[in-house]
Amino acid sequence: MDQETKRAIIMENYQNPLNRYRTEDKSYLKINTNNASCIDNLDIYIKFEGDLIKDITFDGEACAISISATSVMINNLIGKTKEEALDYIHNFYHMTNGDIYNEELLKDGNAYNDIYKQGNRKTCATLPFRGLEKAILESLK
Amino acid sequence: MNREDFPLLKEDIIYFDNSATSLKPTSVIEKMNDYYNNYPANAHRGDYDLSFKVNQEYEGARELVKEFINAEYLEEVVFTSGTTESLNMIVNGFFGNLLEAGDEVLITTSEHASNVLPWFHLVNKLGIKVNYIPLDDNYYVTLDNVKKALTPKTKVISLAGITNVIGDKRPIKEISKLAHDNNIFMVVDGAQMVPHIKVDVQDLDLDFLAFSGHKMCGPTGVGVLYGKKELLEHLEPINLGGGMNESFDNPDEVYLKPLPTRLEAGTQNIAGVIGLGEAIKYLNKIGMDKIGEQEHQLRKYLIDRLLPIKHIDIINFESDSGIVAFNVNKVFSQDVAYYLNKYNICVRAGNHCAKILKSSVGVNSTVRVSLYFYNTYEEIDNLVELLSDYNRIVKEMI
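Residues numbered from 1 in each chain as written. Chains lettered and ligands numbered in written order. Predicted model: local features only at pLDDT ≥ 70, side-chain atom pairs only at ≥ 80, totals over all residues. Heavy atoms only, no water.

1. Considering the overall build of chain A
Selection rule: In this description a helix means any DSSP run of H or I spanning at least four residues, a strand means any run of E spanning at least two, and both kinds are numbered starting from the N terminus. Here the globule rule is a power law, 2.2 Å times the number of residues to the power 0.38, and the radius of gyration is based on C-alpha atoms. Note on classification: 1.4 Å probe, protein chains only; a residue is buried when its accessible area is under 20% of the maximum for its type, exposed when over 50%, partly exposed between these limits. To be clear on the numbers: accessible area is Shrake-Rupley with a 1.4 Å probe, and residue cover counts the displayed protein chains and nothing else. Counting rule for charge: Lys and Arg are taken as positive, Asp and Glu as negative, and neither His nor the chain ends is counted. For the purpose of locating charges, the reference atoms are NZ of Lys, CZ of Arg, CG of Asp and CD of Glu.
Summing up its helical and strand segments, chain A has 5 helices and 3 strands in all. In chain A, the order of α-helices and β-strands from amino to carboxyl end is α-β-β-β-α-α-α-α. At 14 Å, chain A has a C-alpha radius of gyration in line with the 14 Å of a compact globule built from 141 residues. The dimensions of chain A, computed from C-alpha atoms along their principal axes, are 40 × 30 × 25 Å. Going through the 141 residues of chain A one by one, you find that 52% of them count as buried. Carbon and sulfur atoms make up 47% of the accessible area of chain A, which amounts to about 6700 Å² in all. Both charge centroids of chain A, one from 17 positive and one from 22 negative side chains, sit 4 Å from each other.

2. Remarks on the overall build of chain B
Within chain B, the secondary structure is distributed over 14 helices and 15 strands. In terms of overall dimensions, chain B is globule-like: its C-alpha atoms have a radius of gyration of 22 Å, near the 21 Å expected for 398 residues. Counting only C-alpha atoms and orienting by the principal axes, one finds that chain B spans roughly 75 × 55 × 35 Å. Counting the 398 residues in chain B, one finds 55% classified as buried. For chain B, the exposed area adds up to about 16500 Å²; of that, 50% sits on carbon and sulfur atoms.

3. Regarding the interface of chain A and chain B
Let me state the cut-off plainly: Any two residues whose heavy atoms approach within 4.5 Å are treated as being in contact. In this description, buried area is defined as the sum, over both parts, of the accessible area (probe of 1.4 Å) that is lost when the two are combined. For this analysis, a salt bridge means a side-chain nitrogen from Lys or Arg found within 4 Å of a carboxyl oxygen belonging to Asp or Glu. Under this definition, polar contacts are N or O atom pairs within 3.5 Å; protein pairs additionally need one hydrogen-donor-capable and one acceptor-capable atom, and for neighbouring residues in sequence, both atoms have to be side-chain atoms. Under the convention adopted here, Pro, Cys and the residues Ala, Val, Leu, Ile, Met, Phe, Trp and Tyr are nonpolar, Asp, Glu, Lys and Arg are charged, and Gly plus all remaining residues are polar.
At the junction of the two partners, chain A supplies 16 residues and chain B supplies 16 residues. Both faces considered, chain A and chain B share a buried interface measuring about 1300 Å² in area, 58% of it formed by carbon and sulfur atoms. Inspection of the region where chain A meets chain B yields 1 salt bridge. Between R121 of chain A and D335 of chain B there is a salt bridge, and its shortest N-O distance comes to 2.6 Å. At the junction of chain A and chain B, the tally comes to 5 residue pairs in polar contact (both at pLDDT 80 or more). Looking at the side of chain A that touches chain B, the elements that each hand over two or more residues are helix 1 (3-15), helix 2 (64-77) and helix 5 (119-140) of chain A. With 5 residues, the top contributor of residues to the side of chain A that touches chain B is helix 1 of chain A. Of the residues in the side of chain A that touches chain B, the class split is 10 nonpolar, 2 polar and 4 charged.

4. Re the environment of E396 of chain B
All names here are of chain B. As for its placement among the helices and strands, E396 is situated in helix 14 (residues 390-396). The spatial distance from the C-alpha of E396 to the C-alpha of K342 is 8.6 Å, given a sequence separation of 54 residues. With residues near it in sequence (within four places) discarded, E396 still touches Y339, K342 and Y343.

5. Notes on the environment of Y101 of chain A
All names here are of chain A. When you line up the elements, Y101 lands in the loop between helix 3 (82-96) and helix 4 (103-106). Note: C-alpha distance between Y101 and H90 (11 residues apart in sequence) is 8.7 Å. Filtering out sequence-adjacent residues up to four positions away, Y101 remains in contact with N91, H94, M95, L106, N110 and N113.

6. A closer look at the pairing of strand 3 (residues 52-61) of chain A
Residues and elements named next belong to chain A. The cut-off we apply is this: Strand pairing is assigned whenever DSSP detects at least two bridges linking the two strands.
As paired strands, strand 2 (residues 41-49) and strand 3 are joined by 9 bridges and run antiparallel to one another. By the bridge assignment for strand 3, Y45 is matched with T57. Hairpin geometry of strand 2 and strand 3 is characterised by an intervening segment of 2 residues between the two adjacent antiparallel strands and by a positive phi of about 65 degrees at G50.

7. Some words on a negative patch on the surface
Residue and element names in this part refer to chain A. Test applied: Residues enter a patch when their relative accessible area is above 30% and they make no salt bridge; the linking distance is 9 Å between like charges and 5 Å between nonpolar side chains (Val, Leu, Ile, Met, Phe, Trp, Tyr).
A surface patch of negative charge is lined by D51, E83, E84 and D87. Along the chain, D87 falls in helix 3. A relative accessible area of 38% places D87 in the partly exposed class.

8. A few points about the packing of helix 11 (residues 333-341) of chain B against helix 13 (residues 377-388) of chain B
Residue and element names in this part refer to chain B. What counts is decided by this rule: As a rule, the C-alpha atoms of each element are fitted with a line to give its axis, helices using only the stretch in contact, and angles between N-to-C directions run from 0 to 180 degrees. An angle below 35 degrees is treated as roughly parallel, one above 145 as roughly antiparallel, one from 65 to 115 as roughly perpendicular, and anything else as oblique. With the far helix as reference, a near helix turned anticlockwise by less than a right angle produces a left-handed crossing, and one turned clockwise produces a right-handed crossing.
Helix 13 packs onto helix 11 with a crossing angle of 120 degrees between their chain directions and a minimal axis gap of 11 Å. Taken together, the axis directions place helix 11 and helix 13 in an arrangement best described as oblique. Relative to helix 13, helix 11 is oriented so that their crossing is right-handed. Note on element contacts: helix 13 touches helix 11 through L383, L386 and L387, opposite V336, Y339 and L340. Looking at the contact of helix 11 with helix 13 residue by residue, the class counts come to 6 nonpolar, no polar and no charged.

9. What to know about the domain arrangement of chain B
All names here are of chain B. Cut-off, in case you're wondering: Annotation comment: domain bounds sourced from an automatic or database domain assignment.
We note that the domain assignment places domain 1 (26-285) and domain 2 (287-396) within chain B. Between the C-alpha centres of domain 1 and domain 2 there is a distance of 29 Å. Counting from both sides, the interface comprises 33 residues of domain 1 and, opposite them, 28 residues of domain 2. Approximately 2300 Å² of surface area, both sides summed, lies buried where domain 1 meets domain 2, with 59% of it carried by carbon and sulfur atoms. Scanning the region where domain 1 abuts domain 2 turns up 0 salt bridges. Viewed at the interface, domain 2 and domain 1 are joined by 7 residue pairs in polar contact (both at pLDDT 80 or more). With 4 residues, the single largest contributor to the side of domain 1 that touches domain 2 is helix 9 (residues 270-286).

10. Section: the pattern of salt bridges
For the coordinates displayed, the defined rule picks out 26 salt bridges over all chains. Across the salt bridge formed by E111 of chain B and R170 of chain B, the nearest N and O atoms sit 3.0 Å from each other. Of this pair, E111 of chain B sits in the loop between strand 3 (104-107) and helix 4 (117-126) while R170 of chain B sits in the loop between strand 5 (154-160) and helix 6 (172-181); the two residues are 59 residues apart in sequence, bridging distant segments of the chain. Take E111 of chain B: its relative accessible area is 1%, and that puts it in the buried class. With a relative accessible area of 6%, R170 of chain B lands in the buried category. Residue D207 of chain B is joined to K228 of chain B by a salt bridge in which the shortest nitrogen-to-oxygen separation is 2.9 Å. Linking D207 of chain B in the loop between helix 7 (201-204) and strand 7 (208-212) with K228 of chain B in the loop between strand 8 (223-227) and helix 8 (229-232), this pair joins segments that are 21 residues apart in sequence. K228 of chain B matches D207 of chain B in its accessibility class, with the two residues each being buried. What emerges from the salt-bridge pattern is a single network uniting K6, D114 and K117 of chain A.

11. Observations concerning a nonpolar patch on the surface
Nonpolar side chains collect at one region of the surface, where L240, F248, V254 and L256 of chain B lie side by side and expose about 400 Å² of accessible area between them. Taking the relative accessible area as the measure of exposure, L240 of chain B reaches 63% and is therefore exposed.

Okay, here's the thing in structure tokens:
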């Protein structure tokens, strides 16, 4: 993926993020995810239906990388099973750590494949994924 | 000015995060190395020459602090790990034994967490009440507003001398007088004040003052608790152990050393204390008045250059310290900081540990430029040039 494409994906998802609204619907599980070292702070609302992720919305304040990554995550993971979502999340972590990962699986998530070079932005990109992972793991308990 | 004294400033870097911590001059670093290399013994023990030298240097630093803040007695200067520890000792060790349910402590919403959370702890432990002095339109504390916030139950006023987000200098002397006229204790968080302006604890008539070494050209991990002698006598040591006791046989027969040693249990941060002493010598050599004046001029220049930029909203353009807080229109503060970082400019983004301030200011986070005497007009020009091009910020913030 070339730099211009990556940039376009990040900016589009930052400026017009998918599902950026809070929901009062009680069938959604609410998870807060934040970065201790900075001020990124997001609430993520997830609706599970059995094993399926039926819907995800979010709300809060965070930097361009965090907001856009949340939007990308939502775009990729609605409709997936919990297992598929965890697989995506773990591959995203591998990418942001600079390790080998399944490039095809991540689709536009590849826009963040340079993040491993910027230590202080890695936590921004992974922020929503850590929140969703927590929610999935809790729902499996 | 004095840039040649700071090793980092020889690099291609612009350091504008002095409220978080200041740079350290070579003399301070060498003084600490000298201790570690040439006389690394413990203080207050041993009858050999090396240990004697350590003691001389350690107590010499106390003398330097005493003169620097014009304390009346040497015993009033206690070394701690920093402002946070000092404030926790004051709040828990002194006020924790004095205040009762219903007593009131006055602070503001722009205090640093270290001057909020210890008081919250006493709210939960003792049932005291924390009240807030209303801030004016510029987020300042005025004497009138302090008067209005007083009640017969007010026992303590605890304020930063200069705040770490708004950067306003509080009228501490006047507030202190008001406090004492009403039998109220006056506690000052000096973390952002002592490094930047001359502080005279007797002239200000402070009951307690806390500050850190690392924001005033000294090392990290060392700070000062100042307290009036008659009050410090009643500050209960939180740390008990070596170095602070005279003798002990059983729980009923424990005798503690006099001040200030009683409050410095265990082996102290000796290199840090000696380094802090050297930092004070360094600041004295330049002169606190000159330091304050230089910061004032730099700040004025920065504000004058930022004001015409339409997409920049300055939060505190009227305040009088070296702190400038602002936001770039529709750009998250952290993204601005990342953008500037690409050009080796260090600024801080966030709420700067003043988490209850957002309710007053109405913005959750800001970009903060905090200046010190070694910053320059050229550095400010570089910053302003990068901030003046909105499209460039948006383009390069990711």
